[in-house]
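Examining the three-dimensional arrangement
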Amino acid sequence: MELRSGIKYLKGVGDKRAAMLAKLGIFTLWDLLTFYPRTYEDWSRITSIKNAPMNENVCIKAIVGMPCKEHRIRKGMTLYKTEVTDGEMLLDITFFNNPYSAKKLEQGKEYLFYGKITGKGYFRSMNSPEFTEAEGSDTIRPIYPQTAGMNSKAIEKLVRTAFQYGEKPQDPIPVEIRNSYCLMELSDALKNIHFPESEDMLSEARRRLIFEELFLLELGLLRMKTKSRQSTALSMEKDYTEEFRSLLPFELTNAQKRAISQAASDMLLGTPMNRLVQGDVGSGKTAVSAALIYNCAKNGYQSALMAPTEVLAMQHYKTLAGFFENTDITIGLLTGSTPAAEKKKIKAALKSGGIDLVIGTHALIQKDVEFSSLALAVTDEQHRFGVNQRNSLHSKGKNPHVLVMSATPIPRTLALIIYGDLDLSILDELPKGRQKTETYLVTPEIRERAYGYVKKHLCQGRQGYIVCPLVEEEGDASEMTAANALFKELSDGFFKGFRLGLLHGKMKSAEKKAVMDAFSSGEIQLLVSTTVIEVGIDVPNAVIMVIENAERFGLSQLHQLRGRIGRGTEKSTCILISEADETERLNVLTSTTDGFKIADEDLKLRGPGDFFGSRQHGLPEMKIADMMTDGEAIREAHSAAENLLKKNPALSGEEYALLRSAVNRLFSGGSMN
Ligand code: ADP
Ligand code: MG
């Protein structure tokens, strides 16, 4: 069978099981072969009963001393007990309500038992062990992630069948690279990752598969980088940064000046800039991008600024229109809900060169958006976009300069891979006069008191946010219901007489805009909102925020939300309401405002799988490599990729054909083979 064949055609699968496997992301034979075990049971290392550590999974080789005896201890609970020995010590074995297993054990026969031992003194027992006849079965067994209707054993059986009927996978890593890094051949690695011949073989198989994933990733990223480095760009004749600074209502921070000068000097060169500006929430990334946009416009070129949400795009439009108020720079706003006639006008103006800057959402990367001279593509909150989306924006110009901005602090060790194709400017300084936001964690019993505190601030002319809890079932519709309910409860109840506003993702664009405008002008005092305000929103007079059911949010997300306040010179307060006893986790937020520290904690607590699984970085998903713990492998793969591309930048030649297409596939998001 070909490896790309549908899984339902594999012997023992069929339509019903194919549907279950689909839930595990398995659609083809190849998907099954690369569906790696979650862990293993080591049945090859046999321990004596006497020396076995307690409460850990161990494997015992022992002879059954007597047939299983049945003990009915109460209604619905029957125990089956027997005694086994390894010649040195006795071990009691118990099964609960499981006559099927119990009856399989034959007196006088030798078995391997796998499970946890408990006991005191000379008494040892093992409950509900897995077992198999001792003869010929000292192996390391795979344990797979399971799904309803398919347990690990069933999947194991299918994997065996797949090896039996599937064609041999071809190795994308050329033999000379395999040799120089001492890597196993692909099909051996696959066999050993599922059914290891020994612990050594298992670890070699893992090393090989991890190397491959990271190697492909690095090749893809480095290739993007060299591609853009080689091509020419629209270079700026003159640096207008000084002039731009005179337009601002504030003095730039040193960090902002540094980032601007790094980027501006990139743009004076004949090669395209490719730069990430990373700065914690509130560090002033928008002004950095505005400086470069200004430079671009003054040199006679166009720029585009893309944001992940409409609300943020509208806000950027307002901010930049403010900065450029007394200049001749023309700006357009293009989002999914811009009226058709308006859209048409903007698109025509972009094409003819009548607009210097367009600000928008994903709408900017639609096919029919064309520029006359796009020289700078800025992506804000870049982690919200995939690598591909980022690329589609800059493919709108002839190798424009690229600036991406993000507040999501990725641990430094990872910046290399994730931003392997970008240069980095860090805004490590907040504007002058900012005070640290105080954060408190309170239980729902004192919710009223927290609201009372909010009220006090509103009465002093300040503004605030109340963030609705995330709803259990996913989807904008249920978020909307929750937000509506809270809004109603508060406006008719505790905050009666105050000017409240409601903002959620399901609202029409015009409504969103009206609410945001009313909030920034101060007409709305208290904004009840879902996480739509998570990115970018900037209203400095808002100094207080209450987050309901804080335990439902990730730490980094809470940090982003909290970043909506503390944007002026006034002291700000964030109150987290949480009923679950997750005090330890949430206390990370009360004790620090350092986004890097919070991201690190987040990773530790949630595990990298979660952090990296949820499209935090826009990179292809890894099946076996762990970007947190495989640091050594990352460096190895990085240098291997660099060396290869130095020799053969286009990966041309027959022996690289498989490698080339594997890299392309990884970045096109398709499944392999
Ligand atoms: P972020 O980095 O989170 O995108 P913004 O660009 O939205 O931050 O800036 C946050 C706030 O700080 C805005 O109100 C902005 O006008 C203000 N700001 C930016 N730079 C400075 C500065 N150098 N001095 C004072 N305020 C600034
Ligand atoms: Mg921002």
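Figured I'd write up the structure that's included with this text. (Residues numbered from 1 in each chain as written. Chains lettered and ligands numbered in written order. Predicted model: local features only at pLDDT ≥ 70, side-chain atom pairs only at ≥ 80, totals over all residues. Heavy atoms only, no water.)

1. Topic: the pattern of salt bridges
This model, assessed by the stated rule, comprises 30 salt bridges. Taking the shortest distance from any N to any O, the salt bridge between Asp 15 and Lys 8 comes out at 3.5 Å. The class of Lys 8 is partly exposed, set by a relative accessible area of 36%. With a shortest N-O distance of 3.3 Å, Glu 570 and Arg 462 are connected by a salt bridge. Highlighted residues: Glu 570 in the loop between helix 18 (555-562) and strand 23 (573-577) and Arg 462 in the loop between helix 15 (447-459) and strand 19 (463-467), separated in sequence by 108 residues. Relative accessible area serves as the criterion here: at 35%, Glu 570 is assigned to the partly exposed category. (Salt bridge = Lys/Arg side-chain N within 4 Å of Asp/Glu carboxyl O. Buried < 20%, exposed > 50% of the residue type's maximum accessible area, 1.4 Å probe, protein only. Helix = DSSP H or I, 4+ residues; strand = E, 2+ residues; numbered from the N terminus.)

2. Topic: the nonpolar core
Grouped together as the largest cluster of nonpolar side chains are 63 residues, with contacts concentrated most on Ile 7, Leu 32, Leu 214, Phe 215 and Leu 219. When residues of this core are traced back to their parent elements, those giving at least two are helix 1 (14-23), helix 2 (29-33), helix 4 (152-165), helix 6 (186-194), helix 7 (199-230), helix 22 (631-647) and helix 23 (657-668). Here the element with the most residues in this core is helix 7; it accounts for 13 residues. Not counting residues up to four positions away in its chain, the partners in contact with Leu 214 are Met 622, Ala 625, Ala 633, Ile 634 and Ala 637. Listed in part, the 41 residues of the second largest apolar core include Phe 244, Leu 305, Ala 313 and Met 405. (Core = buried A, V, L, I, M, F, W, Y, C linked by side-chain atoms within 4.5 Å. Contact = heavy atoms within 4.5 Å.)

3. Some remarks on helix 18
Residues spaced three or four apart along an α-helix point in a common direction, a consequence of the helix completing one turn every 3.6 residues. Among the eight residues of helix 18, seven are classified as buried, and the element is accordingly described as predominantly covered. Of all the positions in helix 18, only Leu 555, Ser 556, Leu 558, His 559, Gln 560, Leu 561 and Arg 562 are classed as buried.

4. Some thoughts on the packing of helix 9 (residues 254-268) against helix 10 (residues 285-298)
Where helix 9 meets helix 10, the axes come as close as 9 Å, and the angle between the chain directions of the two elements is 30°. Taken together, the axes of helix 9 and helix 10 are roughly parallel relative to one another. For the pair helix 9 and helix 10, the crossing hand works out as right-handed. On helix 10, the residues touching Gln 256, Ala 259, Ile 260, Ala 263, Ala 264 and Met 267 of helix 9 are Ala 287, Val 288, Ala 291, Leu 292 and Asn 295. Looking at the contact of helix 9 with helix 10 residue by residue, the classes come out as nine nonpolar, two polar and no charged. (Axes fitted to C-alpha atoms, helices over the stretch in contact; angles between N-to-C directions. Parallel < 35°, antiparallel > 145°, perpendicular 65-115°, else oblique. Left-handed = near helix turned anticlockwise from the far one by under 90°. Nonpolar A, V, L, I, M, F, W, Y, C, P; charged D, E, K, R; others polar.)

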